[in-house]
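Each chain, letter by letter, is given below.
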Amino acid sequence: MIDNRLAPYGALGLRVALGLMFIAHAYLKLVIFTPAGFAGFLGQVGLPGAFAWPIILAELVGGFAILIGFYGRIVSILLLPVLLGALMVHAPNGWVFNAPNGGWEYPAFLALTALAHGLIGDGALAVKPVRFGAQPVPAVA
């Protein structure tokens, strides 16, 4: 059962956490790894280094969109390929993310979180929420 009074705030918490995570990972790639370093990493795992900037920008812009709820649930769904790509890169490293080169449980969790956000919706305080499917008809008093 869903608590209709509090569910929008639960969705807000999910949205804020996911948005901040994307922003933090973009920041990490920009400042700590550097775009050139991230491009080199992508090359080492068999992906084109040219993917570095699109991934960084997708995480940064997408993270802000999710954070403020600007078409956030659509952005979460659109960012699933980035998360699934990270999952595939980390899958050979084992389960735990603190394993050498990071394990796969954190990217898997984030992919499921993004999917959940896409299914649940943006929640409270969204700038531009999106609704899918039929809209409920208000009851006549």
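Residues numbered from 1 in each chain as written. Predicted model: local features only at pLDDT ≥ 70, side-chain atom pairs only at ≥ 80, totals over all residues. Heavy atoms only, no water.

1. Things to note about the overall build of the chain
Step number 1: A count of helices and strands for the chain gives six helices and zero strands.
Step number 2: When the elements of the chain are put in sequence order from the N terminus, they spell out α-α-α-α-α-α.
Step number 3: By the burial criterion, 33% of the 141 residues in the chain qualify as buried.
Step number 4: Pairs at least 24 apart in sequence give 64% of the contacts found in the chain among residues at least 6 apart.
Step number 5: Surface exposure of the chain reaches about 8600 Å², of which carbon and sulfur atoms provide 74%.
Step number 6: For the chain, the distance from the average site of its 6 positive side-chain charges to the average site of its 4 negative ones is 11 Å. (Helix = DSSP H or I, 4+ residues; strand = E, 2+ residues; numbered from the N terminus. Buried < 20%, exposed > 50% of the residue type's maximum accessible area, 1.4 Å probe, protein only. Contact = heavy atoms within 4.5 Å. Areas by Shrake-Rupley, 256 points an atom, 1.4 Å probe, with all protein chains shown as cover. Lys, Arg positive; Asp, Glu negative; His and termini not counted. Charge placed at Lys NZ, Arg CZ, Asp CG, Glu CD.)

2. Describing the packing of helix H1 (residues 7-32) against helix H3 (residues 52-68)
Step number 1: Orientation of H1 relative to H3, taken along the N-to-C sense of each, is 150 degrees, at an axis distance of 7 Å. As far as their axial angle goes, H3 and H1 are roughly antiparallel. As for how H1 packs across H3, the hand of that crossing is left-handed. Every residue of H3 that contacts H1 at Arg15, Val16, Leu18, Gly19, Leu20, Phe22, Ile23, His25, Ala26, Lys29 and Leu30 is listed here: Trp53, Ile55, Ile56, Glu59, Leu60, Gly63, Phe64, Ile66, Leu67 and Ile68.
Step number 2: Looking at the contact of H1 with H3 residue by residue, the class counts come to 15 nonpolar, three polar and three charged. (Axes fitted to C-alpha atoms, helices over the stretch in contact; angles between N-to-C directions. Parallel < 35°, antiparallel > 145°, perpendicular 65-115°, else oblique. Left-handed = near helix turned anticlockwise from the far one by under 90°. Nonpolar A, V, L, I, M, F, W, Y, C, P; charged D, E, K, R; others polar.)

3. Looking at the pattern of salt bridges
Step number 1: Using the criterion set out here, one finds two salt bridges in the structure.
Step number 2: The salt bridge involving Arg5 is made with Asp3; its shortest N-O contact spans 3.6 Å.
Step number 3: Note that Glu59 and Lys29 form a salt bridge whose closest N and O atoms lie 3.0 Å from each other. Note that Glu59 is positioned in helix H3 and Lys29 in helix H1, a separation of 30 residues in sequence.
Step number 4: Classification of Glu59 by relative accessible area gives buried; the value is 6%.
Step number 5: The buried category is assigned to Lys29, whose relative accessible area is 9%. (Salt bridge = Lys/Arg side-chain N within 4 Å of Asp/Glu carboxyl O.)

4. What about unusual backbone geometry?
Step number 1: Positive phi is not limited to glycine here, since Thr34 has a value of about 70 degrees.
Step number 2: Structurally, Thr34 can be placed in the loop between H1 and helix H2 (35-44).
Step number 3: The partly exposed category is assigned to Thr34, whose relative accessible area is 33%.
Step number 4: For Asn101, which is not glycine, the phi torsion reads 70 degrees and is therefore positive.
Step number 5: Counting through the fold element by element, Asn101 comes out in the loop between helix H5 (80-90) and helix H6 (105-120).
Step number 6: Its relative accessible area of 62% is what places Asn101 among the exposed residues.

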